Protein chains: 2
Amino acid sequence: MGQIKVKSINSIPLNHQNFERFGDFLTLEDANHFKINGGSTDRFHALSQVDTSTQDGKTIISMFRGQAFNLPFALKVMERHPLGSQTFIPLNPSLGQRYLIVVAPAECVSEEDITNNLSAFIAQGFEGVTYKKGVWHHPLISLDQINDFIVVDRSGPGNNCDEIPISSSVIIDN
Amino acid sequence: MGQIKVKSINSIPLNHQNFERFGDFLTLEDANHFKINGGSTDRFHALSQVDTSTQDGKTIISMFRGQAFNLPFALKVMERHPLGSQTFIPLNPSLGQRYLIVVAPAECVSEEDITNNLSAFIAQGFEGVTYKKGVWHHPLISLDQINDFIVVDRSGPGNNCDEIPISSSVIIDN
């Protein structure tokens, strides 16, 4: 009988340093902020860049409502957007809900390459992420409950989604 | 003795038709939505366009925390961004907070022109707005309580803010 190989991956802390190679980590902590509008508004400035202009792309704003998943989570598929960045910002951060982020570097070219180079993060409350153009990521994984996200990404000509099904057993946990 | 002239303006319903000349009205009601990610995510697609590429502008995502105002509200200043659109989306729509929107067409060239062509709207819950490039608007007016907004606008070279102080007495109410 052959052995079933299971790869287990635990999340690592979500911070600027750990997420840098994958894109922007959006947080209010340590954000550059200043008063505008005669002092009545605090602007937490440029938490993320948006990169959608390749091949005449435009930026659009959408809302994603993600069904709930639980940990441990079995990886199903990884995808990437070769023509633009994609930003996720939780709506209702006051509810403090969590979501799971699983990424692999844009340089990966195969399933094996991806599963050998995975990083997992758990975001909570306001914390958002921008995936750089081409960075592999699992589609949205809300944890515990349905969760809504503001998504800023690219609309335009060309194929902007590559997918690789994950056939091996990869389990992500806390 | 001279008479003090006071202009009073009441809000009108916020919907696609009434807001069309000023920009996009972001709402989940009647939005184009469809399943993605193998059915686990509902995408409410392209609720708004973003227009920031004039003069090498880039799109950035920020968070605005607006102090609370009450109705009736006395207009203080109107501003516009001649080089790009600006989108406001309330964070924490589940709290159902309100904010006041006061706009005038981009064609206006003077204070008198603006105050003769004002429209006011009250947004609630998820409802967001995108001001088109050049549309006059009052800076953020959260109502009742402090409120947080995701803001998508332009970063780049050039002067992207015109302001006109409102010296006449203009009062906005429900």
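Residues numbered from 1 in each chain as written. Chains lettered and ligands numbered in written order. Predicted model: local features only at pLDDT ≥ 70, side-chain atom pairs only at ≥ 80, totals over all residues. Heavy atoms only, no water.

Spatially, 3(A)-4(A)-5(B)-15(B)-9(B)-12(B)-2(B) is the arrangement adopted by the 7 strands of the open sheet, whose pairing is antiparallel. The outermost strands of the open sheet, each flanked by one partner alone, are strand 3 (33-36) of chain A together with strand 2 (23-26) of chain B. Shown here is a sheet whose adjacent strand axes are inclined to one another by a mean of 25 degrees, direction ignored. Pairing of strand 5 (residues 58-66) of chain B with strand 15 (residues 147-155) of chain B involves 9 bridges; the strand directions are antiparallel. (Pairing = 2+ DSSP bridges. Helix = DSSP H or I, 4+ residues; strand = E, 2+ residues; numbered from the N terminus. Axes fitted to C-alpha atoms, helices over the stretch in contact; angles between N-to-C directions.)

Now for unusual backbone geometry. With an omega dihedral of -5 degrees, the bond running from L71(A) to P72(A) counts as a cis peptide bond. Assignment of secondary structure puts P72(A) in the loop between strand 6 (68-69) and strand 7 (73-74). Non-glycine residue D56(A) carries a positive phi angle of around 60 degrees. Secondary-structure assignment places D56(A) in the loop between strand 4 (41-50) and strand 5 (58-66). Here A46(B), not a glycine, exhibits a phi torsion of approximately 50 degrees, which is positive. By secondary structure assignment, the location of A46(B) is in strand 4 (residues 41-50). Here A46(B) falls in the partly exposed class, since its relative accessible area comes to 25%. (Buried < 20%, exposed > 50% of the residue type's maximum accessible area, 1.4 Å probe, protein only.)

A separate point is the relation of the copies chain B and chain A. After a rotation of 180 degrees and a shift along the axis of 0.0 Å, chain B superposes on chain A with an RMSD of 0.0 Å. With respect to symmetry, the two chain copies, as superposed, fit the operation of a two-fold axis. Relative to the rotation axis, the closest C-alpha in chain B is found at N92(B), a distance of 1.9 Å. Comparing interface residues between copies, 100% of those in chain B also lie at the interface in chain A; the contact surface is shared. (Least-squares fit on C-alpha atoms with pLDDT ≥ 70 in both. Contact = heavy atoms within 4.5 Å.)

Moving on to the sheet that holds strand 15 (residues 147-155) of chain A. Note: strands within a sheet are paired through backbone hydrogen bonds, in either parallel or antiparallel orientation. Taken together, 7 strands build an open sheet; the order of strands is 2(A)-12(A)-9(A)-15(A)-5(A)-4(B)-3(B) and the sheet is antiparallel. Bordering the open sheet on either side are strand 2 (23-26) of chain A together with strand 3 (33-36) of chain B, each of which pairs with just one other strand. Going across the sheet, the axis of each strand differs from the next one's by a mean of 25 degrees, ignoring polarity. Summarising the sheet, strand 5 of chain A and strand 4 of chain B pair through 7 bridges and their orientation is antiparallel. From the neighbouring strand, R65(A) faces strand 4 of chain B, where its bridge partner is D42(B).

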